[in-house]
Protein chains: 2
Amino acid sequence: MIKDKNKLIARTPEKFRETGIDVESGAEVLSVNYERGTIELKDNKKVPFDILVMATGAKAISPDLPGARKPGIFTLKNLEDAINIKTYLKEKKCRKAIIIGAGFIAMEMSESLQNAGIQTAIFHRGSLPANRWDPELSKLMLEELKTNGVEFVPSAETTAIKEGKDFPLCAVTNQGQWEADLILFAVGVKPNVELAKAMGLKIGQTGAIAVNSRQQTSLDNVYAVGDCCESYHRVSKHPVNIPLGDIANKQGRIAGRNIGGKPLTFPGVVGAQSFRLFNLEAAATGLDEKEAILSNYNPISTLLWGNAIAQQMGLKKIGLKLIADKSSGKLLGAQAVGFAGAVSRINALSVALWAGLNIDEVAYLDLAYSPPYSGAWDIIHNAAQALRRAI
Amino acid sequence: MIKDKNKLIARTPEKFRETGIDVESGAEVLSVNYERGTIELKDNKKVPFDILVMATGAKAISPDLPGARKPGIFTLKNLEDAINIKTYLKEKKCRKAIIIGAGFIAMEMSESLQNAGIQTAIFHRGSLPANRWDPELSKLMLEELKTNGVEFVPSAETTAIKEGKDFPLCAVTNQGQWEADLILFAVGVKPNVELAKAMGLKIGQTGAIAVNSRQQTSLDNVYAVGDCCESYHRVSKHPVNIPLGDIANKQGRIAGRNIGGKPLTFPGVVGAQSFRLFNLEAAATGLDEKEAILSNYNPISTLLWGNAIAQQMGLKKIGLKLIADKSSGKLLGAQAVGFAGAVSRINALSVALWAGLNIDEVAYLDLAYSPPYSGAWDIIHNAAQALRRAI
């Protein structure tokens, strides 16, 4: 049984039906009776199961501020949110938007809104966007926001949202008041685990459902996949909850294989992630220093600026930070921001993390050099050699 | 002592001189007397050495055809060649060029010449450009050549070059006669090993100087680096001679470290390579099927076409071929051609080859997914899963 609360997504259930899978759209599951092997829907209907897959996802965090439920205030997690935002933007002919938060969804949304001709401001508690990246790298993101007309308000705590004078909404912050047509909360998501908790599934330290490498939960015949469950992090060796679509897809496939009798284990993640911000690529993988310490490593890092392409081909500025374990030389993480090639570098380094390479190997990796795509010494090599010297 | 035959490159020797290194520009080494520890220059000058580094590079193959020494006929290996070609193009106001050969230098040159407003034709013995790539992938290169106005003449054997009627040169081939201002031989290079042979250095089966992982040759205190020597191929486990600048740079550094008393070994190559052809990225790594068989593997491959970016971001067609060992599932090689992301994929797969991953791991690699750079399932994952099914 496929559960789909979102009636706007009409095509997906149809596609399932074509394959003979029974789909109940708009069916909200109220509870699971594991002993009896049934789920109870909102309309009191009970549906039996032999195997249950928890794919309840994550939900956007919606701050409990005065006025935070006004029309024009949105979070962004699923397709329904996106459709609601688009409908509102069209109907209200919006000119100004405020994004509260400065993670990668905030960055992506600022580009989308600004490109749609809507003057956008980002309010962030911290001083620089995208906490996961080194402040030096985040500074380039800040420049890119400014270059593209996005206002960035640092150290901003939003305390309430009230009606505006010239615009329908007004965000009240410790930095002053800003009016806008639309306010978007982009302050993160958390795993949707109410049902799982109620039925007694083991919840991990991350707050997500604990699973083994076959996506099995603590109860027999109950699987969990995607944003609601944990993944094994190959570098930290700890379970993590990383709500990203590619991980969810993989876990779904692994669960399906195991349920279908062709067992396969999920080999885990290394924390690879990327986003685009106008002309800038931002990507990161592995652990940052704090996470490395929590995982009992002794991290040391280096951050290098360079050119993503060969000098004679022009300049595509790129910054690359590498983090390694001082004792073993093992690569622990990497962060990159650049006008080209950041994702490419982070993907190569994600494979290096996957395989547990140390920085001496990273310093001499054989990469597909040609001038439009890198120098003869790639910034990966240069950064790894700089890090070795630092050690 | 740094040897530099090319007087046109005046700045590099100057830079060396600034560091106190003695440089003799235009000094051609006639012979090496290893027992006496001296080299003999063309002007009979003898220079003593304690340590000798052979960095004699490769030389372009120049077919021995009737008329092949006429003005306007060039090979392309070093900066001097490039300067000569550029000078000729300017002075003669060239309108038409012929490139004989269809490897990656031929591809790059066709783009450069065509972009400079010179109508370019490629003559190739085979039926498709870039032998290293699967014919299916090479077909996309052929389309890109045509889209950009480059003529591609397959199955063409050039037998002579004579004077033309409307243009200074005329290439006589089994496919007819073509006139042009400029003819470029791009039919490969071979290692420059005359001196090495004369002094008794061991030459490997590839025809290049044999070295160990410290870049030491068969004679004490004689090192070799770059296009004139071999490299250890981590996948085939055989020595190879791959004349690429990034490998040469790495080997130079390794030799320098060992000579300078900070020993370091060259970990070898996986055969990563790339070039740009107008809007197309072409990249390859590892072994193809033939090489795999020669290395005692049992290769099986799959070739998948897809989109380098997420569907909702548009279409950037990409083709990816993966080659694996049927018995062990070990990844052996990969080839990609696409309008985006081919180099990025091949770099990630080069690290996978470096680390010896099998395709089951490749199928679930954690890559930095976001829609501008890939689908949630990257073509790497899809191709690896398709290959697993094929096995």
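Everything below is about the structure shown above.
From a predicted model like this one, the values you see are computed outputs, not experimental measurements.

(A) Broad picture of the overall build of chain A. In terms of regular secondary structure, chain A is built from ten helices and 24 strands. Computed over its C-alpha atoms, the radius of gyration of chain A comes to 23 Å, within 12% of the 21 Å expected for a compact globule of 391 residues. Summarising its shape, the C-alpha atoms of chain A cover approximately 65 × 60 × 40 Å along the three principal directions. Classification of the 391 residues of chain A by burial places 54% in the buried group. For chain A, restricting intrachain contacts to residue pairs at least 6 apart in sequence, the fraction spanning at least 24 positions comes to 56%.

(B) Representation of unusual backbone geometry. Residue and element names in this part refer to chain B. Unusually for a residue other than glycine, Gln215 sits at a positive phi of about 70°. The class for Gln215 is buried, based on a relative accessible area of 1%. If you check the backbone angles, Asn221 has positive phi at about 65° while not being a glycine. Relative to the helices and strands, Asn221 is located in the loop between helix 5 (194-198) and strand 17 (222-224).

(C) Main features of the interface of chain B and chain A. In this assembly, 49 residues from chain B lie in contact with 49 residues from chain A. Regarding the contact of chain B and chain A, the summed buried area is about 4200 Å², with carbon and sulfur atoms giving 61% of it. Taken as a group, Tyr364, Asp366 and Tyr373 of chain B account for 19% of the area that chain B buries against chain A, more than any other trio of residues on that side. Joining chain B to chain A, the criterion identifies 22 residue pairs in polar contact (both at pLDDT 80 or more). Listing elements by their share of the side of chain B that touches chain A, those giving two or more residues are helix 6 (245-259), strand 20 (273-277), strand 21 (280-286), helix 8 (342-355) and helix 10 (379-390) of chain B. Looking at the side of chain B that touches chain A, the element that brings in the most residues is helix 8 of chain B, giving ten residues. Its residues placed into classes, the side of chain B that touches chain A shows 28 nonpolar, eleven polar and ten charged.

(D) Local environment of the sheet that holds strand 8 (residues 73-75) of chain A. Residues and elements named next belong to chain A. One open sheet holds the five strands; their spatial order is 8-15-9-10-11, and the pairing between them is parallel. With partners counted over all chains shown, the strands left at the sheet margins are strand 8 and strand 11 (151-153), one partner each. Neighbour-to-neighbour, the strand axes of this sheet turn through a mean angle of 20°, independent of strand direction. Direction of pairing for strand 8 relative to strand 15 (residues 182-185): parallel, over a ladder of three bridges. Bridge assignment links Thr75 to a residue of strand 15, and that residue is Phe185. The sheet contacts of helix 2 (residues 79-92) involve strand 8 and strand 15, and relative to strand 8 the element is tilted by about 155°.

Quick notes on the rules
- Residues numbered from 1 in each chain as written.
- Chains lettered and ligands numbered in written order.
- Predicted model: local features only at pLDDT ≥ 70, side-chain atom pairs only at ≥ 80, totals over all residues.
- Heavy atoms only, no water.
- Helix = DSSP H or I, 4+ residues; strand = E, 2+ residues; numbered from the N terminus.
- Rg over C-alpha atoms; globule rule 2.2 N^0.38 Å.
- Buried < 20%, exposed > 50% of the residue type's maximum accessible area, 1.4 Å probe, protein only.
- Contact = heavy atoms within 4.5 Å.
- Buried area = accessible area lost by both parts, 1.4 Å probe.
- Polar contact = N/O pair within 3.5 Å; in protein donor to acceptor, adjacent residues only side chain to side chain.
- Nonpolar A, V, L, I, M, F, W, Y, C, P; charged D, E, K, R; others polar.
- Pairing = 2+ DSSP bridges.
- Axes fitted to C-alpha atoms, helices over the stretch in contact; angles between N-to-C directions.

The analysis is restricted to geometry; functional conclusions fall outside its scope.
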